[in-house]
Amino acid sequence: MNVNHHPSEALLLDYVSGTLGETWSLGIATHLALCPTCRRTTGVLEAIGGDMLEAIEPAQMTDGATARMMARLDVNDEPDDAVDPAPLRSESLVLPQPLLGYLGKDLADLKWQRLGMGAFQLLIQTQEKDVTARLLRIPAGRPVPEHTHRGLELTLILSGEFSDTTGTYKRGDLQEADDTLEHQPCAGQDEDCICLAITDAPLKFRSLAARIVQPMLGI
Ligand SMILES: [Zn+2]
């Protein structure tokens, strides 16, 4: 599996330092389960963060500290092939472990909510009220109405693919969109696109028709 679209280093840094909220962290953790590149990056960030903490103690500021950091970086550079522990298969979808902790059971037992236009959503309960996580299922070949964002939107592809002006996104790819991106994602022709979408504000649709149906769709 080749993951080509990654979260920004700023988000990874917030995740590693523990300042990222629960719902965003679910998106990053799920991406990490699918992305060896970002697992290495977060390993490096953790090592640097640990050494910065050590550096606070004057007695620890020795040449040995650098050697220990390099040793840790070497460890984290080792390939980590342990992707998708305890995979769950349902409707040809394999959920990464962080998501399984929230969904907890076979997808076949979960109630997808109809969004209209052939699309479905599955809201994921977290402790946060101001950030929403959901699984979205977009039918093959169908577009999502063109929209911009009031806040931040993370979209992580779990199955199938979608494309917009910024490229094509497949399993493991994560798109980080904010109010500078106006796009119309379209699901690939071959299969439905299932993705984890995390938002902190309602989307802002371009077309009047989409804006009218938005409250009914709950997006
Ligand atoms: Zn990545």
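Refer to the preceding data block for the structure.
Residues numbered from 1 in each chain as written. Predicted model: local features only at pLDDT ≥ 70, side-chain atom pairs only at ≥ 80, totals over all residues. Heavy atoms only, no water.

**Brief notes about the overall build of the chain**
Next, step 1: Scanning the chain for helices and strands turns up six helices and 13 strands.
Next, step 2: Put simply, the chain has 219 residues, and 44% of those count as buried.
Next, step 3: Taking as baseline every contact in the chain between residues at least 6 positions apart, the subset at least 24 positions apart corresponds to 64%. (Helix = DSSP H or I, 4+ residues; strand = E, 2+ residues; numbered from the N terminus. Buried < 20%, exposed > 50% of the residue type's maximum accessible area, 1.4 Å probe, protein only. Contact = heavy atoms within 4.5 Å.)

**Details of the coordination of the zinc ion**
When four donors bind a metal tetrahedrally, each ideal donor-metal-donor angle is 109.5 degrees, and when six bind octahedrally, the ideal angles are 90 or 180 degrees.
Next, step 1: Ligation of the zinc ion by protein atoms is provided by His6 (ND1), His31 (NE2), Cys35 (SG) and Cys38 (SG), these donors lying 2.0 to 2.3 Å from the ion.
Next, step 2: Each of the four donor atoms bound to the zinc ion contributes to angles spanning 96 to 122 degrees, and the resulting shape is tetrahedral.
Next, step 3: In terms of primary sequence, the donors binding the zinc ion are separated according to H-x24-H-x3-C-x2-C. For the pair histidine 31 and cysteine 38, a shared accessibility class is recorded, and that class is buried. (Donors = N, O, S within 2.8 Å, 3.2 Å for Na, K, Ca; no water. Tetrahedral: all angles 85-135°; square planar, octahedral: opposite > 155°, others 65-115°.)

**Side note on the sheet that holds strand E8 (residues 162-164)**
Next, step 1: One open sheet accounts for three strands, arranged E9-E8-E11; its pairing is antiparallel. The sheet is open, and its two edges are formed by strand E9 (167-169) and strand E11 (186-187), each paired on a single side.
Next, step 2: Relative to E9, E8 runs antiparallel, the two being bridged by three bridges. Among the inter-strand pairings, serine 163 is bridged to a residue of E9, identified as threonine 168. (Pairing = 2+ DSSP bridges.)

**Topic: the packing of aromatic side chains**
Next, step 1: Across all of its chains, the model carries one aromatic pair by this definition.
Next, step 2: Pairing phenylalanine 162 with tyrosine 169 gives two aromatic rings, centres 5.2 Å apart and planes at 20 degrees, and the pair type is stacked. Assigned by exposure class, phenylalanine 162 and tyrosine 169 land together as buried.
Next, step 3: For the cation-ring pair, arginine 137 lies above tryptophan 112, with the distance from its terminal atom to the ring centre recorded as 4.7 Å.
Next, step 4: The positively charged end of arginine 137 is found above the aromatic ring belonging to phenylalanine 120, 5.0 Å away from the centroid. (Phe/Tyr/Trp six-rings, centres within 6.5 Å; stacked < 30°, edge-to-face > 60°. Lys NZ or Arg CZ within 6 Å of the ring centre and 35° of its normal.)

**Focus: the pairing of strand E7 (residues 153-159)**
Look at any regular strand and the pattern is simple: side chains alternate between the two faces of the sheet.
Next, step 1: The buried count for E7 comes to seven of seven residues, which makes it a mostly enclosed element.
Next, step 2: The pairing of E7 with strand E10 (residues 174-177) spans four bridges and is classified as antiparallel. When the sheet's bridge partners are listed, leucine 154 is paired in E10 with glutamate 176.
Next, step 3: Pairing of E7 with strand E12 (residues 193-199), which is carried by six bridges, proceeds in the antiparallel orientation. By the bridge assignment, leucine 154 is partnered in E12 with isoleucine 198.

**Some details on the sheet that holds strand E5 (residues 132-138)**
Next, step 1: What the six strands build is an open sheet, ordered E3-E4-E5-E12-E7-E10; its pairing is antiparallel. Edge positions in the sheet fall to strand E3 (113-116) and E10, since each of these pairs with one other strand and no more. This sheet shows a mean twist of 25 degrees between the axes of neighbouring strands, independent of strand direction. (Axes fitted to C-alpha atoms, helices over the stretch in contact; angles between N-to-C directions.)

**Comments concerning helix H2 (residues 22-34)**
Next, step 1: With 13 residues, H2 should cover 18 Å at 1.5 Å per step; its first-to-last C-alpha distance of 19 Å lies within 8% of that length.
Next, step 2: Most of H2 is tucked away: 12 of the 13 residues are buried.
Next, step 3: Along H2, the residues classified as buried are Thr23, Trp24, Ser25, Leu26, Gly27, Ile28, Ala29, Thr30, His31, Leu32, Ala33 and Leu34. (Expected span 1.5 Å × (residues − 1).)

**Quick word on the environment of arginine 171**
Next, step 1: Within the secondary structure, arginine 171 is located in the loop between E9 and E10.
Next, step 2: With a relative accessible area of 18%, arginine 171 lands in the buried category.
Next, step 3: Separated by 15 residues in the primary sequence, arginine 171 and leucine 156 place their C-alpha atoms 7.6 Å from one another.
Next, step 4: A distance of 2.8 Å separates a polar atom in the side chain of arginine 171 from the backbone oxygen of leucine 158. (Polar contact = N/O pair within 3.5 Å; in protein donor to acceptor, adjacent residues only side chain to side chain.)

**A word on the nonpolar core**
In a soluble, globular protein the nonpolar side chains are often hidden away together inside.
Next, step 1: In this structure, Leu99, Ile124, Leu135, Leu158 and Leu196 are the most contacted members of the largest nonpolar core, which totals 31 residues.
Next, step 2: Among the elements that take part in this core, H2 stands out by supplying four residues, more than any other.
Next, step 3: By size, the runner-up hydrophobic cluster in this structure holds 12 residues, among which are Leu136, Phe162, Tyr169 and Ala197. (Core = buried A, V, L, I, M, F, W, Y, C linked by side-chain atoms within 4.5 Å.)

**Concerning the state of the cysteines**
Next, step 1: Here the structure, examined in full by the defined rule, presents zero disulfides.
Next, step 2: Here cysteine 195 stays free of any disulfide, with the sulfur of cysteine 193 as its closest cysteine sulfur at 4.7 Å.
Next, step 3: Residue classification places cysteine 195 among the buried positions, given a relative accessible area of 4%. (Disulfide = S-S within 2.5 Å.)

Scope: geometric values only; no functional claims are made or implied.
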